[in-house]
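This is what each chain is made of:
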2 protein chains.
Amino acid sequence: MAIPVETFYLDARGQATLQARIQQMIAQGILSGRFRRGEKLPSTRKLAAHLGVSRITVTLAYTELVASDYLMSRGRSGYFVSDNAPEPPPVPALTVPADRVDWTRAIGQRFTGGAAPDKPLDWARYPYPFIYGQTDASLFDHANWRLCAVQTLGQRDFAALTSDQYDQDDPQLVEFIARHTLPRRGIIATPSQILVTMGAQNALWLAAQVLLTQRRRAAVEDPCYPALRDVLTHTRCHLSAVPVDGDGLPPELIPDGTDVIFTTPSHQSPTSATMPLARRHALLDRARALEALIVEDDYEFEMAFLRAPSPALKSLDEDGRVIYAGSFSKSLFPGLRLGYLVGSAPFIAEARALRASVLRHPPGLMQRAAAYFLSLGHYDALIRRTARAYAERRHVMEAAIAAEGLSIAGRGAHGGSSFWMQAPEDTDTDALALALRGDGVLIEPGRPFFAGDAPPGRFYRLAYSSIPSERIPEGVARIARAMR
Amino acid sequence: MAIPVETFYLDARGQATLQARIQQMIAQGILSGRFRRGEKLPSTRKLAAHLGVSRITVTLAYTELVASDYLMSRGRSGYFVSDNAPEPPPVPALTVPADRVDWTRAIGQRFTGGAAPDKPLDWARYPYPFIYGQTDASLFDHANWRLCAVQTLGQRDFAALTSDQYDQDDPQLVEFIARHTLPRRGIIATPSQILVTMGAQNALWLAAQVLLTQRRRAAVEDPCYPALRDVLTHTRCHLSAVPVDGDGLPPELIPDGTDVIFTTPSHQSPTSATMPLARRHALLDRARALEALIVEDDYEFEMAFLRAPSPALKSLDEDGRVIYAGSFSKSLFPGLRLGYLVGSAPFIAEARALRASVLRHPPGLMQRAAAYFLSLGHYDALIRRTARAYAERRHVMEAAIAAEGLSIAGRGAHGGSSFWMQAPEDTDTDALALALRGDGVLIEPGRPFFAGDAPPGRFYRLAYSSIPSERIPEGVARIARAMR
């Protein structure tokens with residue numbers, strides 16, 4: 001590969017001779033790892049013209065660098081980085097000067113330090129990945145996804161999809177969500193009540209920013225999705241963690257004065273509890289009494305394969321006080337980064353303005369490809385196939401868990417993709433998870449889901465969304481073995 | 001198209017008879033626009049099973065709806081929405097009950113009301129679009145972009161690109177930015193100093209959140225990119241607008257006590273002024289004296305076609321106090337939503353954690369497709385082709401502007417994609433732009449770029465990034481005519 005001449009800059013304030021500064025520039029490029037062995041340098045003529053120096057100066061610099069074995073000359077082919085050139089040091093910080101900035105002072109707001117789960121990016125290489133929220137490539141309809149994306153890349157959609165849409169969404173995707181996705185949850189919404197987001201994470205983040213301030217009070221389930229608790233903590237609102245039971249969030253425990261309630265009625269995250277219809281009505285009544293809003297995170301609603309799902313809270317909402325967050329990440333794949341918010345138009349208008357300020361809009365290509373995939377029926381077929389596979393895996397899981405004497409702490413009434421598990425008292429599932437990794441098994445320790453300083457250490461999550469049925473019994477057996 | 005049975009929900013608390021509630025449910029679906037003329041309803045058997053009612057109840061409901069011409073029966077094919085069914089009212093709010101939420105109170109933070117420019121989404125339909133920041137489909141290398149995206153959609157990359165990457169970027173894209181993109185601006189950075197963002201907008205937003213609080217002081221150019229001023233206003237920091245001159249931001253005018261300086265040295269936005277090297281050094285010296293950080297927005301650096309670009313501020317920065325924001329939106333296309341931040345590792349770590357909280361990561365597909373397009377050399381070829389076209393258009397623009405007696409207020413020393421124009425005193429360019437739209441000409445009024453309550457009304461921007469050369473003379477002539 002040739003090194004483009006545009007990547008060469010002489011320090012205009014350098015003190016050494018021109019030739020020495022050229023030599024330094026090239027040697028530094030090699031030592032910093034930017035120029036690699038065998039790469040071709042610009043011709044002396046080109047570099048001289050680019051730097052505005054005489055050609056002989058460049059030739060002399062190159063010759064010196066050949067003598068010191070940084071470069072090699074290949075006659076008429078020109079100059080190349082030598083095969084014997086010094087390798088950059090393993091810590092590539094050599095040419096980066098030490099900062100004179102006190103970052104402890106300069107950083108105004110910190111966002112690191114949240115409960116980021118320690119999940120391996122190479123999870124697919126583990127033979128027993130009971131990992132949650134990743135795609136099973138064997139279930140995904142890759143061929144049709146590819147066709148839809150390729151169609152989107154065609155000339156016809158090009159202008160529309162490459163444009164800056166300012167704060168707008170793809171109307172085809174919004175229409176599909178309004179006409180087909182939401183009615184399955186009993187929700188009726190117009191386009192002005194829908195906002196496309198970068199996944200459910202982005203939907204929850206936007207809702208939190210619009211609704212919460214330092215003076216507001218939010219209630220969140222305990223345990224809950226750790227990234228949601230981080231989002232709420234960053235808003236600096238007053239935050240109450242409300243312990244869930246086997247039916248999800250108990251309305252009567254939501255403190256007086258609460259302004260916004262965050263809940264996961266379909267599959268409580270992470271316990272998988274499904275909120276019964278009577279409690280859904282009670283929760284709405286409680287919210288009405290509090291004059292509070294509800295943010296309903298329905299991150300996994302398609303995974304209802306045991307029986308028909310309950311209607312969403314939003315579908316029962318006669319007041320406009322429920323804001324609904326949905327996602328295509330679990331049902332398509334997380335790398336898609338597409339979800340949506342549904343709520344009253346004044347709320348959606350603020351969320352839309354904030355989204356425009358933060359990132360403008362999700363890429364047009366992803367929105368349109370998803371719209372094709374949904375509207376051509378591939379999505380429904382995929383959901384059916386996934387549901388069949390999950391139902392079978394769940395059945396195998398239940399049998400294996402029973403056979404090994406492990407105990408389930410929570411499971412969804414309608415399906416879902418995981419079990420919430422309870423190890424014997426005094427088990428430290430952080431240590432257990434670490435030990436199991438060495439045995440090829442990935443489980444998710446439960447501590448990060450809990451609020452407070454002394455989270456219980458005995459819980460863990462076992463998902464079956466990314467592990468084939470035939471691996472499940474041995475995987476569960478290994479967990480039981482490690483626990484003993 | 002058949003209406004899926006899953007989209008039907010009976011209100012469990014309804015008071016009417018079952019049959020009446022089914023009729024209402026279907027009529028409401030039609031009146032709300034969810035079910036459209038000619039669409040097929042589920043069979044009576046299927047709907048009865050789904051709702052848990054007797055089949056005869058559904059049949060009676062359907063029969064009633066046929067009688068009232070909401071539905072039509074096609075014998076053994078089943079029931080369809082009638083061709084004479086009532087059309088939904090033009091304002092589709094009929095079935096959405098009025099909110100009982102006081103949104104004035106419920107919304108904690110407002111984000112609407114910013115200086116959102118009134119740019120038409122259908123700009124491509126105007127014959128004389130002097131519009132800024134949109135793609136010219138005739139210049140873009142659509143074929144190779146498509147090939148790269150299709151390659152990304154292949155089986156090989158699938159697992160990697162569909163996964164949830166938590167807070168990580170595509171390593172191939174980051175490596176390309178580090179080894180090829182940044183060195184062209186004289187910048188050396190390691191992967192821990194680079195963060196991929198959703199375009200430059202997202203990069204600036206992230207930097208503002210990490211660096212600013214209510215107690216910090218930021219300086220921004222006046223005029224400047226309006227969306228940046230909105231971002232800074234939302235942080236509630238103390239904000240000083242510093243008037244730029246023909247060389248961009250004057251360092252000596254930056255107020256004492258400033259913590260963060262936002263600047264656009266390559267092409268001042270919107271005046272196009274290029275900051276000379278001496279002033280770049282003076283700006284760094286001023287920042288050092290203030291112990292301030294600089295956020296350098298180099299949104300258009302590839303568009304240097306008149307002469308070699310000046311080194312970026314970041315390349316002259318020995319202290320680590322410059323944070324550099326780059327974008328592929330101008331050079332590839334805005335719908336890509338890809339840009340990057342370069343800065344010291346402690347800063348990048350905070351920006352990365354914030355990005356993960358807000359949206360996790362830009363979609364893997366977009367990142368990898370861009371990495372292929374860049375690394376296969378298509379990007380460099382595209383930049384060269386675009387630069388040639390812009391150079392020609394700029395030449396035609398200058399001639400037409402001179403011929404029509406219009407006056408240029410600012411132009412980039414190295415190129416760029418627009419002229420900053422000055423109309424005769426007392427011209428209202430908002431009104432001018434509106435009048436010109438009726439004549440097929442799009443220009444951008446200058447008011448939204450200025451801080452303060454009395455922005456001057458005589459400036460406007462003429463971009464040549466989306467208008468073919470042959471249209472330029474007539475377009476400029478129409479502007480001159482409208483001005484008279």
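Predicted model only: the values in this text are computed from it and were never measured.

About the thresholds
- Residues numbered from 1 in each chain as written.
- Chains lettered and ligands numbered in written order.
- Predicted model: local features only at pLDDT ≥ 70, side-chain atom pairs only at ≥ 80, totals over all residues.
- Heavy atoms only, no water.
- Helix = DSSP H or I, 4+ residues; strand = E, 2+ residues; numbered from the N terminus.
- Buried < 20%, exposed > 50% of the residue type's maximum accessible area, 1.4 Å probe, protein only.
- Contact = heavy atoms within 4.5 Å.
- Areas by Shrake-Rupley, 256 points an atom, 1.4 Å probe, with all protein chains shown as cover.
- Domains from an automatic or database assignment.
- Pairing = 2+ DSSP bridges.
- Axes fitted to C-alpha atoms, helices over the stretch in contact; angles between N-to-C directions.
- Buried area = accessible area lost by both parts, 1.4 Å probe.
- Salt bridge = Lys/Arg side-chain N within 4 Å of Asp/Glu carboxyl O.
- Least-squares fit on C-alpha atoms with pLDDT ≥ 70 in both.
- Right-handed = clockwise from strand over helix to strand, strands pointing away.
- Parallel < 35°, antiparallel > 145°, perpendicular 65-115°, else oblique.
- Nonpolar A, V, L, I, M, F, W, Y, C, P; charged D, E, K, R; others polar.
- Polar contact = N/O pair within 3.5 Å; in protein donor to acceptor, adjacent residues only side chain to side chain.
- Phe/Tyr/Trp six-rings, centres within 6.5 Å; stacked < 30°, edge-to-face > 60°.
- Core = buried A, V, L, I, M, F, W, Y, C linked by side-chain atoms within 4.5 Å.

1. Let's talk about the overall build of chain A
Then, in step 1: The number of helices and strands found in chain A is 16 helices and 15 strands.
Then, in step 2: Every one of the 484 residues in chain A was classed for burial, and the buried ones make up 60%.
Then, in step 3: Sequence-distant contacts, at least 24 apart, represent 73% of the contacts inside chain A between residues at least 6 apart.
Then, in step 4: Looking at chain A as shown, the accessible area adds up to about 18400 Å², and 51% of this sits on carbon and sulfur atoms.

2. Let's talk about the domain arrangement of chain A
Then, in step 1: Per the domain assignment, the segments making up chain A are domain 1 (5-81), domain 2 (123-136 + 381-483) and domain 3 (142-377).
Then, in step 2: Domain 1 of chain A and domain 3 of chain A are separated by 55 Å when their C-alpha centres are compared.

3. Some details on the sheet that holds strand β8 (residues 293-297) of chain B
Residues and elements named next belong to chain B.
Then, in step 1: Reading across the sheet, the seven strands line up as β4-β10-β9-β8-β7-β5-β6 and stay open at both edges, with mixed pairing between neighbours. Every interior strand has two partners, whereas the edge strands, β4 (194-197) and β6 (238-243), have only one. For this sheet the average axis-to-axis angle between neighbouring strands, irrespective of direction, equals 20 degrees.
Then, in step 2: Here four bridges tie strand β7 (residues 260-263) to β8, and the two strands are oriented parallel to one another. Bridge pairing in β8 links F262 to V295.
Then, in step 3: Across the sheet, helix α7 (residues 171-181) is in contact with β4 and β10 (339-342); its angle to β4 comes to roughly 115 degrees.

4. Topic: unusual backbone geometry
Then, in step 1: Backbone torsion omega between A:D222 and A:P223 reads 0 degrees, so that peptide bond is classified as cis.
Then, in step 2: Tracing the backbone through its elements, the reader meets A:P223 in the loop between β5 (217-222) and α9 (226-234).
Then, in step 3: Phi at A:Y166 is positive, roughly 55 degrees, even though this residue is not glycine.
Then, in step 4: If you check the backbone angles, B:E291 has positive phi at about 50 degrees while not being a glycine.
Then, in step 5: Tracing the chain through its elements places B:E291 in the loop between α10 (277-290) and β8.

5. What to know about the interface of chain A and chain B
Then, in step 1: Each side of the interface is counted separately: chain A has 114 residues, and chain B has 115 residues.
Then, in step 2: Taken together, both faces of the contact between chain A and chain B bury some 10300 Å²; the carbon and sulfur share is 57%.
Then, in step 3: Interface area lost by chain A to chain B is led by A:Y9, A:Y166 and A:R179, which between them contribute 7%.
Then, in step 4: On inspection of chain A and its partner chain B, the count reaches eight salt bridges.
Then, in step 5: Among the ionic pairs, A:R100 bridges to B:D319, the shortest N-O distance being 3.1 Å.

6. Observations concerning the relation of the copies chain A and chain B
Then, in step 1: Its rotation angle being 180 degrees, the transformation that places chain A on chain B also includes 0.0 Å of axial translation and leaves an RMSD of 0.2 Å. What we have between these two chains is a two-fold relation. Closest to the rotation axis within chain A is the C-alpha of A:V150, separated from it by 3.2 Å.
Then, in step 2: Taken together, the interface assignments show that 100% of the residues at the interface of chain A recur at the interface of chain B, consistent with an identical surface on both copies.

7. Comments concerning the pattern of salt bridges
Then, in step 1: Going through the model one piece at a time under the given rule, you end up with 50 salt bridges over all chains.
Then, in step 2: The partner of A:D164 in a salt bridge is A:R360, with the nearest N and O atoms 2.0 Å apart. Here the residue A:D164 occupies a position in the loop between α6 (155-162) and α7 (171-181), and A:R360 occupies one in the loop between α12 (345-359) and α13 (364-375), the gap between them amounting to 196 residues. The exposure classification of A:D164 matches that of A:R360, with both residues buried.
Then, in step 3: In this structure, A:E350 engages B:R110 in a salt bridge whose closest nitrogen and oxygen atoms are separated by 2.9 Å. Remark: B:R110 occurs in the loop between α4 (103-106) and β3 (128-129) and A:E350 occurs in helix α12; the pair is interchain, linking two chains.
Then, in step 4: The exposure class assigned to B:R110 is partly exposed, which follows from its relative accessible area of 46%.
Then, in step 5: It is possible to trace a salt-bridge network through shared partners that takes in A:R100, B:D285, B:R288, B:D319 and B:R321.

8. With respect to the pairing of β7(B)
Residue and element names in this part refer to chain B.
Then, in step 1: Because side chains alternate across β7, one face comprises the buried residues V260 and F262, and the other comprises I261 and T263, equally buried.
Then, in step 2: Examined bridge by bridge, strand β5 (residues 217-222) and β7 share three bridges and lie parallel to one another. Opposite V220, over in β7, you have F262 as the bridge partner.
Then, in step 3: For the handedness criterion, the β-α-β arrangement of β7, α10 and β8 is classed as right-handed.

9. Let's talk about the sheet that holds β5(A)
All names here are of chain A.
Then, in step 1: An order of β4-β10-β9-β8-β7-β5-β6 is seen for the seven strands of this open sheet, with the pairing classed as mixed. Whereas interior strands pair on both sides, the edge strands pair on one side only; in this sheet they are β4 (194-197) and β6 (238-243). Between one strand axis and the next, the sheet turns by 20 degrees as a mean value, whatever way the strands run.

10. Observations regarding the packing of helix α8 (residues 199-211) of chain A against helix α12 (residues 345-359) of chain B
Then, in step 1: Look at α8(A) against α12(B): their axes get within 6 Å of each other, and the N-to-C directions meet at 95 degrees. Classed by the angle they form, the pair α8(A) and α12(B) counts as roughly perpendicular. Along the contact surface, α8(A) presents A:Q201, A:N202 and A:W205, while α12(B) presents B:A356, B:S357, B:V358 and B:L359.
Then, in step 2: Of the residues assigned to the contact of α8(A) with α12(B), the class counts are four nonpolar, three polar and no charged.

11. Some thoughts on α7(B)
Residues and elements named next belong to chain B.
Then, in step 1: The element α7 is extensively covered by neighbouring structure, given that eight of its 11 residues are classed as buried.
Then, in step 2: When we look at burial in α7, the residues that qualify are L173, V174, F176, I177, A178, R179, H180 and T181.
Then, in step 3: Taking the backbone nitrogen of Q172 as reference, a side-chain oxygen 3.0 Å away marks D170 as the first, capping residue of α7.

12. Notes on the packing of aromatic side chains
Aromatic rings in a pair are described by how distant their centres are and how their planes are angled relative to each other.
All names here are of chain A.
Then, in step 1: The full count for this structure, using the stated rule, is 35 aromatic pairs over all chains.
Then, in step 2: Measuring from ring centre to ring centre gives 4.8 Å for Y62 and Y79, while their planes differ by 65 degrees; the resulting arrangement is edge-to-face. Linking Y62 in helix α3 (residues 55-67) with Y79 in strand β2 (residues 79-81), this pair joins segments that are 17 residues apart in sequence.
Then, in step 3: The exposure class assigned to Y62 is buried, which follows from its relative accessible area of 0%.
Then, in step 4: Assessed through its relative accessible area of 19%, Y79 is described here as buried.
Then, in step 5: Measuring from centroid to centroid gives 5.6 Å for W420 and F459, while their planes differ by 5 degrees, and the two rings are stacked. Residue W420 is located in strand β12 (residues 418-422), and its partner F459 is located in strand β15 (residues 459-463); the two are separated by 39 residues in the primary sequence.
Then, in step 6: Owing to a relative accessible area of 2%, W420 belongs among the buried residues under this scheme.
Then, in step 7: The buried category is assigned to F459, whose relative accessible area is 15%.

13. Overview of the nonpolar core
Then, in step 1: Core analysis: the largest hydrophobic core is formed by 132 residues, its most contacted members being A:F130, A:F328, A:I443, B:F130 and B:I443.
Then, in step 2: If near-sequence neighbours (up to four positions away) are discounted, B:F130 is found in contact with B:M397, B:V441, B:L442, B:I443, B:R461, B:L462, B:A463, B:I467, B:I472, B:G475, B:V476 and B:I479.
Then, in step 3: Ranked by size, the runner-up nonpolar core spans 74 residues in total, among them A:C224, A:L232, B:W103 and B:A353.

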